[in-house]
Amino acid sequence: MISIIGVRFKKPGKIYFFDPKGKTVEKGMHVIVETAMGKEYGEVVITNRELQEKDIVAPLKPIIRIATEKDKEKHEENIKQEKEAFKLCEEKIKEHKLDMTLVDVEYKFDRSKLLFFFKADDRIDFRDLVKDLAAIFKTRIELRQINARDEVRRMGGNGVCGRELCCCSFLNDFDTISIKMAKEQNYSLNPAKISGNCGRLMCCLRYEQNVYEEKLSRLPGIGSIVKTEDGEGEVCGVEILKERVKVKFKDGDESFYKRYDLPDIKIIKNISKKTKAEEQEEKELEALENQDK
């Protein structure tokens, strides 16, 4: 077992594990740690605990010290400088007539690097911009192009559920989300209803997907032929989480319907039919999804 603490450098942001070096820290405390990019000022979000070696990426970098009042003042000064750098960079972008939108600015704790995050539809030649910024700030300058998801993550906000966006509160990484997930969970394939603030498919479509996949593997598809206590019929509806199907029976020119739990039916022919409208909706959404990649 290895002793670790979890540190976040920016909220929202990913949590990183560090070696506490025998120090006991409390949640909410700030520490100075050694990273691959130099010293950083971060907040403790996971207190001292033991993890198995297989659950971490070794070797862990150590914390240098518990942050002092002087460290806090330096961090606050960096935040102030970031705001000024943001305004100045925007002016330089206009001056160079670059088709890009500045999203965020981040100073490393020891001011060894100043990062500018921007959004653009195409590749941007920002070499002259970097030269101007380096001459002004006298430090290493790095420009990073980000996508819509990263932009919203940095800006923050609330989702349609009314809560703080998942990417801004607890998600460390973005999972791959597909149209297939929305379809299998019986969501309306209306882009406005299954897209998040970033315009991409909602991250929460991933949360219950494993459950849906497991249940769907046992359930018959729409259009399947099943045998019941009332005879053979065609599946015309599926309640996935309840593992229940709606079966259509023919009685001459008349039709009647009845619901059955999965154990009460026997699948004779398992097929899945799609209406032309559903196929068209999926094609349109797939095209939209491909544009985002």
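The preceding data block contains the structure.
This part is about helix α7 (residues 209–216). Listed in full, the buried residues belonging to α7 are Gln209, Tyr212 and Lys215. Each buried residue of α7 lies within a common arc of 135° when the element is viewed along its axis, so the set occupies one face. Structurally, α7 contributes buried residues whose contacts are with α5 (179–184).

To summarise the sheet geometry, strands pair through backbone hydrogen bonds and adopt either a parallel or an antiparallel arrangement. Pairing is antiparallel across the open sheet formed by five strands, whose spatial order is β12-β11-β10-β9-β13. Here the strands that pair on one side only, and so sit at the sheet edges, are β12 (254–261) and β13 (266–269). Neighbouring strand axes in the sheet, compared pairwise and without regard to direction, differ in orientation by 40° on average. The pairing of strand β9 (residues 225–228) with β13 spans three bridges and is classified as antiparallel. Paired with Ile225 across the strands is Lys269, a residue of β13.

Below, the discussion takes up unusual backbone geometry. Backbone geometry follows two general trends: most residues other than glycine have a negative phi, and most peptide bonds adopt the trans configuration. In this structure, Lys97 takes a positive phi of about 55° despite not being glycine. For Arg111, which is not glycine, the phi torsion reads 60° and is therefore positive. If you trace the backbone, Arg111 turns up in the loop between β6 (101–107) and β7 (113–119).

Taken together, the side chains of Lys39, Lys70, Lys74 and Arg111 present a region of like positive charge at the surface. Among the secondary structure elements, Lys74 is positioned in helix α1 (residues 69–95).

On the secondary structure map, His96 appears in the loop between α1 and β6. When the C-alpha atoms of His96 and Leu129 are compared, they prove to be 7.2 Å apart, with 33 residues separating the residues in sequence. Those residues in contact with His96 that sit more than four places away from it in its chain are Asp128, Leu129 and Asp132.

If you look at the biggest cluster of nonpolar residues, it comprises 18 residues, and the most contacted ones within it are Met100, Leu114, Phe116, Leu133, Phe137 and Leu143. Elements with a minimum of two residues in this core: α1, β6, β7, α2 (127–137) and β8 (140–145). Sequence-distant contacts of Met100, defined by excluding residues within four places in its chain, comprise Ile93, Phe118, Lys119, Ala120, Ile124, Leu129 and Leu143.

Once that is clear, we can look at the sheet that holds strand β1 (residues 2–8). The sheet built from five strands is open, its strands ordered β2-β1-β4-β3-β5 with antiparallel pairing. Of all strands in the sheet, those with a lone pairing partner are β2 (15–18) and β5 (63–66), marking the two edges. Taken pair by pair, the neighbouring strands of this sheet meet at an average axis angle of 45°, ignoring direction. Sheet analysis places strand β3 (residues 30–35) next to β5, joined by three bridges and oriented antiparallel. Counted as the bridge partner of Val31 is Ile66 from β5. Against the sheet, α1 touches β3, β4 (38–51) and β5, its axis set at about 120° to β4.

If you check α1, its first and last C-alpha atoms are 39 Å apart, about what 27 residues at 1.5 Å a residue would give, namely 39 Å. When we look at burial in α1, the residues that qualify are Asp71, Asn78, Glu82, Ala85, Cys89, Lys92 and Ile93. The secondary structure elements touched by the buried residues of α1 are β3, β4, β5, β6, β7 and α2.

Another point: the layout of surface pockets. In this structure, the largest pocket spans a volume of roughly 950 Å³. Of all elements in the fold, only β2, β4, α1, β6, β7 and α3 (148–155) reach the threshold of two or more residues within the lining of the largest pocket. Sort the elements by how many residues they give to the lining of the largest pocket and α1 lands first, with four residues.

Under the definition given, this model contains seven aromatic pairs. Between Phe116 and Phe137, the aromatic rings sit 6.4 Å apart at their centres with planes inclined by 50°, giving tilted as the arrangement. Here the residue Phe116 occupies a position in strand β7, and Phe137 occupies one in helix α2, the gap between them amounting to 21 residues. Judged on exposure class, the residue Phe116 and its partner Phe137 are both buried. Both rings, one in Phe249 and one in Tyr260, keep their centres 6.2 Å apart while their planes meet at 75°; by these two values the pair is edge-to-face. Residue Phe249 is found in strand β11 (residues 244–251), and its partner Tyr260 is found in strand β12; the two are separated by 11 residues along the sequence. Summarising the burial analysis for this pair, Phe249 and Tyr260 share the class buried. Through a chain of ring-to-ring contacts, three or more aromatic side chains come together here, namely Phe9, Tyr16 and Phe18.

Parameters and conventions
- Residues numbered from 1 in each chain as written.
- Predicted model: local features only at pLDDT ≥ 70, side-chain atom pairs only at ≥ 80, totals over all residues.
- Heavy atoms only, no water.
- Buried < 20%, exposed > 50% of the residue type's maximum accessible area, 1.4 Å probe, protein only.
- Helix = DSSP H or I, 4+ residues; strand = E, 2+ residues; numbered from the N terminus.
- Arc of directions from axis to C-beta.
- Contact = heavy atoms within 4.5 Å.
- Pairing = 2+ DSSP bridges.
- Axes fitted to C-alpha atoms, helices over the stretch in contact; angles between N-to-C directions.
- Patch = residues over 30% accessible without salt bridge, like charges linked within 9 Å, V, L, I, M, F, W, Y side chains within 5 Å.
- Areas by Shrake-Rupley, 256 points an atom, 1.4 Å probe, with all protein chains shown as cover.
- Salt bridge = Lys/Arg side-chain N within 4 Å of Asp/Glu carboxyl O.
- Lys, Arg positive; Asp, Glu negative; His and termini not counted.
- Charge placed at Lys NZ, Arg CZ, Asp CG, Glu CD.
- Core = buried A, V, L, I, M, F, W, Y, C linked by side-chain atoms within 4.5 Å.
- Expected span 1.5 Å × (residues − 1).
- 1 Å grid on protein atoms, 1.4 Å probe; cavity = no way out; pocket = protein on both sides within 12 Å on 5 of 7 lines; lining within 4 Å.
- Points joined across faces, edges and corners; volume = space filled by probe spheres on them.
- Phe/Tyr/Trp six-rings, centres within 6.5 Å; stacked < 30°, edge-to-face > 60°.

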